[in-house]
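Structural overview for review
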Amino acid sequence: MASPETPEGKETPAERPLIMRYAARSDVGRIRSKNDDSAYVGRHLAVVADGMGGHAGGDVASASTVLDMIHLDHDDYPDGAETVLADEIQTANSLLSELVHQNPKLSGMGTTVTALLLEDRKLHFAHIGDSRAYRLRNKKFEQVSVDHTFVQRLIDEGRLRPEEAETHPHKNVLMRVLGDVDASPELDLDVLDVEPGERWLLCSDGLNYVAGHVVERMVRETKDLRECAEILVDLTLEAGAPDNVTVVMVEIAEETDDDVNTAAVDVVPAAMLAAVDEPEAVTASKSAEGPSATKTADDTKPGPQATPDGGSSFSAGDPTAPKNESPDAPESSNGSSEPPATTDPHLGEHLSAEVLREELASRPHELVGAAATAAESGSIPTVAGRTVARRAATVLTHKAEQDRLEAEEPPRRRVRWLMPAVAAVVVLGVVVGLWLGYAWTQTRYYVGEFDQRVAIFNGISQRLGPIQLSRLEAVTDVRVDSLPEYGQQSVRQTVPAGDLDDAQRIVENLKNTGSASANCPTTSATPTPSPTTSVPVPSTAAVATPSPSPVPTLCEAAK
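Residues numbered from 1 in each chain as written. Predicted model: local features only at pLDDT ≥ 70, side-chain atom pairs only at ≥ 80, totals over all residues. Heavy atoms only, no water.

**A closer look at the overall build of the protein chain**
Check the secondary structure of the protein chain and you find 18 helices and 19 strands. Going through the 559 residues of the protein chain one by one, you find that 47% of them count as buried. Sequence-distant contacts, at least 24 apart, represent 71% of the contacts inside the protein chain between residues at least 6 apart. Just so you have it, the protein chain exposes about 28000 Å², and 55% of that area is on carbon and sulfur atoms. (Helix = DSSP H or I, 4+ residues; strand = E, 2+ residues; numbered from the N terminus. Buried < 20%, exposed > 50% of the residue type's maximum accessible area, 1.4 Å probe, protein only. Contact = heavy atoms within 4.5 Å. Areas by Shrake-Rupley, 256 points an atom, 1.4 Å probe, with all protein chains shown as cover.)

Right, here's the structure in full:
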């Protein structure tokens with residue numbers, strides 16, 4: 001690039017683009033049986049993902065998310081990269097939901113994501129979960145990310161001191177995460193100015209077992225990035241490392257001529273990909289060590305096994321597949337000719353693995369953790385039979401992104417609005433039911449006590465929480481204490497009535513007989529008229545007197 005000349009004839013040096021120099025390491029730790037962490041770092045992109053879900057698929061979640069984002073590692077964004085990270089993370093979240101839908105055994109898996117994307121002299125930041133991002137700039141070391149955890153919320157509300165957080169029993173409870181629990185998770189997003197020389201540390205929460213001041217001292221004092229990453233992981237292992245730990249060190253620097261030459265690496269022939277290690281052109285790490293961090297101890301562990309039902313998980317590629325066909329992947333996946341997918345149901349999986357390897361071989365980078373295991377073994381998390389070919393083409397060409405989003409957005413939108421629609425119908429049904437129930441109660445009446453007098457109420461003598469389901473209709477002049485004991489109990493326990501006229505009849509009975517029942521007068525009058533009482537009157541009266549004794553006694557007492 002020619003530099004402009006000053007009036008004195010001297011050339012002004014052109015401003016060189018910025019890139020990331022980096023180093024990464026991931027370790028399974030002392031206790032865990034597999035590594036659920038994944039990380040990728042290149043010249044323009046750095047991502048750390050900490051999977052969760054244990055045996056169910058934490059490694060699948062983190063590897064799938066990281067591998068879906070590696071195609072962002074470039075600086076060619078004509079329309080700007082303001083929404084690129086957010087869009088890609090949301091797409092990765094949708095893929096996790098599809099994976100769970102294809103294979104319910106993966107239900108409950110999720111992952112954190114903390115990512116940096118360098119565009120020109122701006123750094124785009126995206127974060128969800130409890131992985132962390134630290135920045136050292138102008139001698140100031142600070143945590144840029146905010147933990148989306150229960151204890152952090154308690155700290156923000158002033159209910160917990162920061163020093164108490166590490167020993168809190170719920171310190172690992174996440175409030176926000178990628179996975180099948182939320183169709184549109186809330187991300188922390190920011191665009192930051194960037195300066196040459198500033199350093200970033202991205203890490204999973206496994207590094208939290210190293211004291212904060214020790215981490216800061218290592219980042220400040222260790223000049224070599226790889227050495228710094230190694231020391232931080234070693235310190236975690238010395239502290240017991242009960243969790244997986246992943247560390248990515250990044251330093252912002254101006255691009256040099258050597259960096260330009262290294263970026264022009266030819267794509268390695270597909271037939272040689274399986275035997276080729278990562279390019280030695282990791283000059284961006286400022287280290288003379290050739291092998292990448294994908295050779296760490298955790299990457300020697302066997303990758304996740306394919307599920308027998310053919311659902312979605314890590315599905316290993318076929319080593320006998322014709323690998324020299326992979327360069328034609330974009331044409332076969334974007335064009336109208338997709339018949340091969342019908343003859344070989346696993347073609348999309350093979351294609352995804354081949355294209356991913358070519359993509360990784362085409363640029364300097366470091367890939368560690370579960371994502372490295374998946375890439376090396378060809379066990380790429382895919383959605384069987386649907387989107388694998390389109391994803392592979394996207395990784396290779398970066399041109400199928402819009403088609404993929406257009407193809408996947410309608411079902412995502414339908415799924416996203418299905419639950420709110422059902423919830424709205426349920427809520428509406430409940431509201432209508434409550435209203436109809438309340439309206440029915442207002443057609444009822446009962447007789448009760450108000451201010452020590454007999455009163456008529458409209459409604460029913462019950463409450464619905466703080467809502468009284470009745471109102472005072474009328475107060476009579478009949479005092480409750482003037483009624484016999486039975487009548488007083490009836491009034492205080494309330495006497496239901498079908499309507500207002502019925503309630504008024506009950507009040508009349510109370511006033512005349514002391515009883516709410518209208519049968520009392522007839523009961524007392526029944527023995528009097530008897531056409532055949534000429535001879536058996538004494539005996540009948542003698543027999544009938546003890547049997548209906550309670551009712552007449554009350555009525556007579558009221559009279």
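On we go from here.
**Digging into the nonpolar core**
Within soluble globular proteins, side chains that are nonpolar tend to cluster in buried spots. Counting residues in each nonpolar core, the largest one holds 41 residues, and the members touching the most others are Met69, Leu72, Leu85, Met109, Val113, Leu117 and Leu367. Among residues more than four places away in sequence, those in contact with leucine 72 are Leu45, Tyr77, Val84, Leu85, Glu88 and Leu117. Among the nonpolar cores identified, the runner-up in size contains 22 residues, and Ala23, Leu201, Val233 and Leu237 belong to it. (Core = buried A, V, L, I, M, F, W, Y, C linked by side-chain atoms within 4.5 Å.)

**Examining helix 15 (residues 500-513)**
Given 3.6 residues per helical turn, the α-helix brings residues three or four places apart onto the same face. For helix 15, which comprises 14 residues, the first-to-last C-alpha distance of 20 Å matches the rise-based estimate of 20 Å (1.5 Å per residue) to within 8%. All buried positions along helix 15 are accounted for by Ala503, Ile506, Val507, Asn509, Leu510 and Thr513. Relative to the axis of helix 15, the buried residues are bounded by an arc of 165° and lie together on one face. Among the residues of helix 15, the N-terminal cap falls to aspartate 499, whose side-chain oxygen and the backbone nitrogen of aspartate 501 are separated by 3.3 Å. Looking one or two places after helix 15, you find glycine 514, whose phi comes out positive at around 80°. (Expected span 1.5 Å × (residues − 1). Arc of directions from axis to C-beta. Polar contact = N/O pair within 3.5 Å; in protein donor to acceptor, adjacent residues only side chain to side chain.)

**What about the sheet that holds strand 17 (residues 453-464)?**
Strands pair in a sheet through their backbones, by hydrogen bonds, and they do so in one of two ways: parallel or antiparallel. Taking strand neighbours across the sheet as the criterion, the four strands line up as 18-17-16-19 in an open arrangement whose pairing is antiparallel. Edge positions in the sheet fall to strand 18 (467-479) and strand 19 (495-497), since each of these pairs with one other strand and no more. Shown here is a sheet whose adjacent strand axes are inclined to one another by a mean of 40°, direction ignored. In this structure, strand 16 (residues 445-450) lies alongside strand 19, joined through three bridges in antiparallel fashion. Across the sheet, the residue bridging to tyrosine 445 is alanine 497, located in strand 19. Most of the contacts of helix 14 (residues 485-492) go to strand 16, to which it runs at about 110°, and overall it touches strand 16, strand 17 and strand 19. (Pairing = 2+ DSSP bridges. Axes fitted to C-alpha atoms, helices over the stretch in contact; angles between N-to-C directions.)

**Some thoughts on the sheet that holds strand 12 (residues 245-254)**
Reading across the sheet, the five strands line up as 1-12-11-7-8 and stay open at both edges, with antiparallel pairing between neighbours. Two strands lie at the open edges of the sheet, namely strand 1 (18-27) and strand 8 (140-143), each paired on one side alone. Going across the sheet, the axis of each strand differs from the next one's by a mean of 15°, ignoring polarity. Here helix 5 (residues 212-221) sits on the sheet and contacts strand 7 (132-137), strand 8, strand 11 (199-203) and strand 12; the angle it forms with strand 8, its principal contact strand, is near 135°. In this fold helix 6 (residues 225-238) packs onto strand 1, strand 11 and strand 12, with an angle of close to 25° to the strand it touches most, strand 1.

**Observations concerning the packing of aromatic side chains**
Summed over the entire model, instances satisfying the criterion amount to two aromatic pairs. Relative to phenylalanine 141, the ring of tyrosine 134 lies with its centre 5.4 Å away and its plane at 10°, an arrangement referred to as stacked. When its relative accessible area of 16% is taken as the criterion, phenylalanine 141 is described as buried. When the ring of tyrosine 446 is compared with that of phenylalanine 457, the centres are 5.0 Å apart and the planes differ by 10°; the resulting orientation is stacked. Here the residue tyrosine 446 occupies a position in strand 16, and phenylalanine 457 occupies one in strand 17, the gap between them amounting to 11 residues. (Phe/Tyr/Trp six-rings, centres within 6.5 Å; stacked < 30°, edge-to-face > 60°.)

**Looking at a nonpolar patch on the surface**
Among the surface-exposed residues, Leu418, Val422, Val426, Val430, Leu434, Tyr438, Leu464 and Ile467 lie close enough to one another that they form a single nonpolar patch of about 730 Å² accessible area. At six residues, helix 13 (residues 401-441) tops the list of elements feeding residues into the nonpolar patch. Of note, leucine 434 is situated in helix 13. (Patch = residues over 30% accessible without salt bridge, like charges linked within 9 Å, V, L, I, M, F, W, Y side chains within 5 Å. Salt bridge = Lys/Arg side-chain N within 4 Å of Asp/Glu carboxyl O.)

**Quick look at the pattern of salt bridges**
Per the counting criterion, the structure on display carries 26 salt bridges. The salt bridge involving arginine 135 is made with glutamate 142; its shortest N-O contact spans 2.8 Å. We note a salt bridge from glutamate 198 to arginine 137, for which the minimum N-O separation is 3.5 Å. Of the two residues, glutamate 198 is situated in the loop between strand 10 (188-193) and strand 11 and arginine 137 in strand 7; the sequence distance between them amounts to 61 residues. Taking the relative accessible area as the measure of exposure, glutamate 198 reaches 2% and is therefore buried. The exposure class assigned to arginine 137 is buried, which follows from its relative accessible area of 19%.

**Regarding the pairing of strand 7**
Burial runs high along strand 7: six of the six residues are buried. Burial along strand 7 is two-sided: Arg132, Tyr134 and Leu136 and Ala133, Arg135 and Arg137, pointing in opposite directions, are all buried. By the bridge criterion, five bridges tie strand 7 to strand 11 in an arrangement that is antiparallel. What sits directly across from alanine 133, in strand 11, is leucine 202.

**Let's talk about the side chain of histidine 168**
Counting through the fold element by element, histidine 168 comes out in the loop between helix 4 (162-165) and strand 9 (178-179). A relative accessible area of 18% places histidine 168 in the buried class. Those residues in contact with histidine 168, other than ones at most four positions away along the chain, are Phe150, Val151, Leu154 and Leu160.

**Structural notes on the packing of helix 1 (residues 58-69) against helix 11 (residues 370-377)**
The contact between helix 1 and helix 11 brings their axes to 8 Å, and the two run at 75°. In this view, helix 1 runs roughly perpendicular relative to helix 11, as classed from their interaxial angle. Between helix 1 and helix 11, the residues in contact are Asp59, Ser62, Ala63, Val66 and Leu67 and Ala370, Ala371 and Ala374, respectively. Taken together, the residues that form the contact of helix 1 with helix 11 break down as six nonpolar, one polar and one charged. (Parallel < 35°, antiparallel > 145°, perpendicular 65-115°, else oblique. Nonpolar A, V, L, I, M, F, W, Y, C, P; charged D, E, K, R; others polar.)

**Remarks on the environment of threonine 114**
Inspection of the secondary structure assignment puts threonine 114 in strand 5 (residues 113-119). Considered as a pair, threonine 114 and alanine 39 are 75 residues apart in the sequence and their alpha carbons are 9.6 Å apart. Setting aside anything within four residues of it in sequence, one finds threonine 114 in contact with Ala46, Val47, Val48, Phe125, Ala126, His127, Ser131, Arg132, Ala133 and Leu202. At a separation of 2.9 Å, a polar atom in the side chain of threonine 114 contacts the side chain of histidine 127.

These figures come from the coordinates and say nothing about function on their own.
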